[in-house]
Amino acid sequence: MEPHHFVFICQGGELEAKSVLFAASFRCRANGYHHLTAAIPGPAELWPQPEPQTLQTLESLGVRLSHVQNSVGRDYPYGNKMECLSIPTDCSATVYIDSDILMMRDFGDDVLPERPLCAVPASLSHAKEHEWASFYAAYGLDMPEWRQLTLISQEPTPPYFNGGLLVVRNVPAFGETWAESCRTLREIPGIPNKIRNRFLDQFGVTIAAARLNLEISMLPMQWNFPSWSLELGDQPTPIFFHYQTAERLLQEDRIVTSVKEVCEQYPRVQAVFGRFPAYAQLLGSAEHP
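Reading the values: rules and limits
- Residues numbered from 1 in each chain as written.
- Predicted model: local features only at pLDDT ≥ 70, side-chain atom pairs only at ≥ 80, totals over all residues.
- Heavy atoms only, no water.
- Helix = DSSP H or I, 4+ residues; strand = E, 2+ residues; numbered from the N terminus.
- Contact = heavy atoms within 4.5 Å.
- 1 Å grid on protein atoms, 1.4 Å probe; cavity = no way out; pocket = protein on both sides within 12 Å on 5 of 7 lines; lining within 4 Å.
- Points joined across faces, edges and corners; volume = space filled by probe spheres on them.
- Nonpolar A, V, L, I, M, F, W, Y, C, P; charged D, E, K, R; others polar.
- Pairing = 2+ DSSP bridges.
- Axes fitted to C-alpha atoms, helices over the stretch in contact; angles between N-to-C directions.
- Phe/Tyr/Trp six-rings, centres within 6.5 Å; stacked < 30°, edge-to-face > 60°.
- Buried < 20%, exposed > 50% of the residue type's maximum accessible area, 1.4 Å probe, protein only.

Caption draft 1: How the structure looks around the environment of Leu151. Counting through the fold element by element, Leu151 comes out in the loop between strand S7 (148-149) and strand S8 (156-157). Separated by 30 residues in sequence, Leu151 and Pro121 have C-alpha atoms that sit 5.7 Å apart. For Leu151, the contacting residues outside a window of four places in its chain are Val120, Pro121, Ala122, Ser123, Met221 and Pro226.

And the structure:
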């Protein structure tokens, strides 16, 4: 796979443990020519800053540090994602990826399609038809007639994708269009709180793509495995395991072993884990998978 630019958020608190685990698991399993950037949200009085130890650990993993601003709203932390796609890079494709993701295997024969925009479908539907219609109408757009099925619940919906991994290729305007779409959607009268405060970024992806006349290409769930809906069980090992909480890293032996391998190869990760009880618990479990 050609070099890609992977960007993730690192801010003070448990995201420090998550970000170093992601970066270390990536370096443990992916070819070294991919670029990694940790985006640090500001200003500091609004978004807590990571400790120097965390930043030094990331730099030791070959991670570039870059500062970003939230242009959606001071009360919407998911808005820190959008500027990640505007960080300069020599790569033709930038991948925004959530920090709470463990890379479990190398890419192997799997490659990201050379399409302008790619993502994994959302697991569940979070909006009704009339709500979708209001989102499109905010920009004078017609809703597409076709419907896709959500990944887990198999509900028909207009194009709707998980915001934890988004691949953008040669579309420099996408990050700002995404942010501006979210700002507009937040102001629609009567928008449900679960959309306005939690899932807005996912709806913003769809509307931004429609505004730019882009089709979103569907990726299989191996690129963004939804641990909130599925257990690994005997399924093939995914590339990216989206765990959300440290407790989910303890649920299955295969995941514990994967974390153990990362900690053994990159001991500096353990020092960061030690500052956060939920992640310190992983260290003991990694010793006894």
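Caption draft 2: Examining the layout of surface pockets more closely. Space inside the largest pocket adds up to approximately 560 Å³. Together, 26 residues line the largest pocket, and Tyr78, Lys81, Asp98, Asp100 and Arg198 are the ones closest to its centre. Elements supplying a minimum of two residues to the lining of the largest pocket: helix H1 (14-29), strand S9 (161-169) and helix H5 (193-211). Take the lining of the largest pocket: its biggest share by element is four residues, from H5. Here the residues of the lining of the largest pocket sort into nine nonpolar, 11 polar and six charged.

Caption draft 3: Representation of the sheet that holds strand S12 (residues 240-242) within the structure. One open sheet accounts for three strands, arranged S5-S12-S11; its pairing is mixed. The outermost strands of the open sheet, each flanked by one partner alone, are strand S5 (101-103) and strand S11 (225-226). As judged from the three bridges shared by S5 and S12, these two strands associate in the antiparallel manner. Residue Met103 lies in a different strand from S12, and its bridge partner there is Phe240. Set on the sheet, H1 makes contact with S5 and S12; between it and S5 the angle comes to about 15 degrees.

Caption draft 4: A look at the packing of aromatic side chains. Using the criterion set out here, one finds 20 aromatic pairs in the structure. Geometrically, the ring pair formed by Phe8 and Phe22 is edge-to-face, given 5.2 Å between the ring centres and 65 degrees between the ring planes. Of this pair, Phe8 sits in strand S1 (residues 5-9) while Phe22 sits in helix H1, and the two are 14 residues apart along the sequence. On the basis of relative accessible area, Phe8 is assigned to the buried category, the value being 0%. Under the relative-accessibility criterion, Phe22 is labelled buried at 0%. An aromatic cluster is defined as three or more aromatic residues linked by ring pairs; in this entry it consists of Phe6, Phe8, Phe22, Phe26, Phe107, Trp223 and Phe240.

Caption draft 5: Summary view of the environment of Leu249. When you line up the elements, Leu249 lands in the loop between S12 and helix H6 (253-265). Residue Leu249 is classed as buried on the basis of its relative accessible area, which comes to 0%. Not counting the four nearest positions on each side in its chain, Leu249 is found in contact with Leu21, Leu102, Phe241, Tyr243, Ile255, Val256, Val259, Tyr279 and Leu282.

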